[in-house]
Amino acid sequence: SGPFAAGVPWQRLPAAGGWLRGFCGCCRDGCMSGSDGLMNAWFIAAGVMLAGAFGVHVVAGTRFYAKARPERELPGRAPEDAVVAERRAAWMLGRCGFQLISVDLALSAGCFLALGLGLIPRNAVLELFLTLTYAGWGVAWRAVLAADRSPAACRHRLRHWVVFFVVALTAACGMAL
C-alpha cells in the first residue's frame, strides 16, 4: 500500500480515495491512460521537449533563414546572375529541409504525447523508430560539426544535438516501462 506500491511515483496522481490511473479526477477508470492503465511521463516529457523545439525552430529558424537570403549578401546583383542563382538554389534547398524538420518535430511531438497520454496504444516499433531517429540525429549532428571543424562560436550556437540526445534518452526510459 502507499503511493509507491503501485509503480513509479510519477505515473500516478494523488486524489481523494486513492491513486488515479489517468491525469485528472474524471479518469478514475483509466479512460485517458495507456494500454497498461498508466500514463507514460517519459513520453510526455519527450513530446513536450519536441513541441518546444518545434516552436523555437519555427520562430528562430525563420528569422535566421530570412537573414541568410543570398540577395542580402550580394546587393545590387541581378537575380539571374549565376552566382546569385547558385546561392539562391542552395539557400532554397536548406529552407525546404528546414521546413521538413519542422514537420518532423511536430509529428514526433504529437506521437510522443499521444503515446504518453495513452491516446494511442503502445507500439514497440513506433517507439523504437522515434527513439532511434533522435539518437541518429544526435550522432549525425555531432559528426557534421566535428568534420566541418567549425569555429567554436558556430559549434556553440548549433548545440541541437543535446536536445536530440536528451529526447532519445527520455524516450528510451519511456520504452523501458
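Look above for the structure.
Note that the structure is predicted; figures quoted are calculated from it, not measured. (Residues numbered from 1 in each chain as written. Predicted model: local features only at pLDDT ≥ 70, side-chain atom pairs only at ≥ 80, totals over all residues. Heavy atoms only, no water.)

Draft legend 1. Local environment of the packing of helix α4 (residues 124–148) against helix α6 (residues 160–175). Put simply, α4 and α6 touch, their axes get as near as 8 Å, and they point 155° apart. When the interaxial angle is binned, α4 and α6 end up roughly antiparallel. The chirality of how α4 crosses α6 is left-handed. The residues of α6 that touch α4, namely those facing E127, L128, T131, Y134, A135, W137, G138, V139, W141, R142 and L145, are H160, W161, F164, F165, V167, A168, A171, A172 and M175. Here the residues of the contact of α4 with α6 are counted per class, giving 15 nonpolar, 3 polar and 2 charged. (Axes fitted to C-alpha atoms, helices over the stretch in contact; angles between N-to-C directions. Helix = DSSP H or I, 4+ residues; strand = E, 2+ residues; numbered from the N terminus. Parallel < 35°, antiparallel > 145°, perpendicular 65-115°, else oblique. Left-handed = near helix turned anticlockwise from the far one by under 90°. Contact = heavy atoms within 4.5 Å. Nonpolar A, V, L, I, M, F, W, Y, C, P; charged D, E, K, R; others polar.)

Draft legend 2. The packing of aromatic side chains, seen in detail. Considering all chains together, one arrives at 9 aromatic pairs under this definition. For the ring pair W141 and F164, a centre distance of 5.7 Å and an interplane angle of 75° mean the geometry is edge-to-face. Here F164 lies in helix α6 and W141 lies in helix α4, a separation of 23 residues in the sequence. Sitting over the ring of W161, R142 keeps its end group 4.5 Å from the ring centre. (Phe/Tyr/Trp six-rings, centres within 6.5 Å; stacked < 30°, edge-to-face > 60°. Lys NZ or Arg CZ within 6 Å of the ring centre and 35° of its normal.)

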